[in-house]
Amino acid sequence: YEVFIGGNSRGRFSIPVLAPTATIERTISWAAQPGSHTVRADLDIGNTTRESCETNNSFGIEFTTAGPDLIIDGITWTPAERSYTENITLSYTVKNQGQGASYGTWLSCYLEGLGWVREQVKPLSPGSSTIVKYNWFPGSCNQTVTAVIDPSDEVLETEEDNNTATIVIPGVGIPDLVLQSIACI
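Below is a short write-up of the structure. (Residues numbered from 1 in each chain as written. Predicted model: local features only at pLDDT ≥ 70, side-chain atom pairs only at ≥ 80, totals over all residues. Heavy atoms only, no water.)

## Side note on the sheet that holds strand 6 (residues 88-96)
Right, on to step 1. Taken in spatial order, the 3 strands of this open sheet run 5-6-9, and their pairing is antiparallel. If you trace the sheet from one side to the other, it starts and ends with strand 5 (70-78) and strand 9 (129-136), each paired once. Each strand of the sheet is rotated relative to its neighbour by a mean of 20°, with strand direction disregarded.
Right, on to step 2. Judged from the 8 bridges that link them, strand 6 and strand 9 form a sheet pairing that is antiparallel. Counted as the bridge partner of Val94 is Thr130 from strand 9. (Pairing = 2+ DSSP bridges. Helix = DSSP H or I, 4+ residues; strand = E, 2+ residues; numbered from the N terminus. Axes fitted to C-alpha atoms, helices over the stretch in contact; angles between N-to-C directions.)

Shown next, in the form of structure tokens:
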């Protein structure tokens, strides 16, 4: 027999000799991506076995697998009002807005486009979220922070193009000493 998944052959397999009315069960495993699937098995390929009916040698099913959809649901920082000497705590809210559970994965953060922080994120059930926190000293200038959940696409998701969020943390004023004049007396 030959097994097809999504129209692609997964291989040909042999079946032992069967007594009349006997049955046999076989299991085929594969990592199904989230979405719709068709699985079909064809028996007696080439009609090499004499049978009473040659029209019942194929059987297929269609089914859908639910998948996770991980997003960055928000990035915040505290304290919102700070001095240029204070650290802040960045909070990244990661949510699974999909219909299937996710595996554990990573949250990667980039500062001005450069790799910066990598934090592990636990598995999330459908509809649940978690907050990942990181303490940081941003200095006085504006800083662009980008967060990417599942940056290596290890989790098979229903949507892979919504895993990124970017914010700009505004700079704060710092004292600016200005020499205005010099006088000789």
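## Some thoughts on the side chain of Thr130
Right, on to step 1. Looking at the secondary structure, you find Thr130 in strand 9.
Right, on to step 2. Overall, the relative accessible area of 14% leaves Thr130 in the buried class.
Right, on to step 3. What Thr130 contacts, discounting residues up to four positions off in sequence, is Tyr92, Thr93, Val94, Val121, Lys122 and Leu124. (Buried < 20%, exposed > 50% of the residue type's maximum accessible area, 1.4 Å probe, protein only. Contact = heavy atoms within 4.5 Å.)

## Some words on the pattern of salt bridges
Right, on to step 1. One pass over the structure, following the stated rule, counts 2 salt bridges.
Right, on to step 2. As a salt-bridge pair, Arg12 and Glu2 come within 3.2 Å of each other at their nearest N and O atoms. Here the residue Arg12 occupies a position in strand 2 (residues 8-12), and Glu2 occupies one in strand 1 (residues 2-5), the gap between them amounting to 10 residues. (Salt bridge = Lys/Arg side-chain N within 4 Å of Asp/Glu carboxyl O.)

## A look at unusual backbone geometry
Right, on to step 1. Of note, the amide linkage connecting Thr78 to Pro79 takes the cis form, showing an omega dihedral of -5°.
Right, on to step 2. Note on placement: Pro79 falls in the loop between strand 5 and strand 6.
Right, on to step 3. Positive phi values are uncommon outside glycine, yet Thr21 reaches one of about 65°.
Right, on to step 4. Along the polypeptide, Thr21 turns up in the loop between strand 2 and strand 3 (35-42).
Right, on to step 5. Backbone geometry at Asn47 places phi at a positive 50°, although glycine is not the residue there.

## Comments concerning the packing of aromatic side chains
Right, on to step 1. One pass over the full model with this rule turns up 4 aromatic pairs.
Right, on to step 2. Through a chain of ring-to-ring contacts, the aromatic side chains of Trp116, Tyr134 and Trp136 assemble into a single cluster. (Phe/Tyr/Trp six-rings, centres within 6.5 Å; stacked < 30°, edge-to-face > 60°.)

## Let's talk about a negative patch on the surface
Right, on to step 1. Residues Asp153, Glu154, Glu159 and Asp161 make up a contiguous surface patch of negative charge.
Right, on to step 2. Mapped onto the secondary structure, Asp153 falls in the loop between strand 10 (143-149) and strand 11 (164-169). (Patch = residues over 30% accessible without salt bridge, like charges linked within 9 Å, V, L, I, M, F, W, Y side chains within 5 Å. Areas by Shrake-Rupley, 256 points an atom, 1.4 Å probe, with all protein chains shown as cover. Lys, Arg positive; Asp, Glu negative; His and termini not counted. Charge placed at Lys NZ, Arg CZ, Asp CG, Glu CD.)

## Details of the nonpolar core
In a soluble, globular protein the nonpolar side chains are often hidden away together inside.
Right, on to step 1. Ranked by size, the top nonpolar core spans 22 residues in total, and within it Ile72, Ile75, Tyr92 and Leu107 carry the most contacts.
Right, on to step 2. Counting only elements with at least two residues in this core, the list comes to strand 5, strand 6, strand 7 (105-111), strand 8 (114-121), strand 9, strand 10 and strand 11.
Right, on to step 3. In terms of residue count, strand 6 provides more of this core than any other element does, 4 residues in total.
Right, on to step 4. Residue contacts for Tyr92: discarding those within four places in its chain leaves Gly74, Ile75, Leu107, Cys109, Trp116, Thr130, Ile131, Val132, Tyr134, Val145 and Ala147. (Core = buried A, V, L, I, M, F, W, Y, C linked by side-chain atoms within 4.5 Å.)

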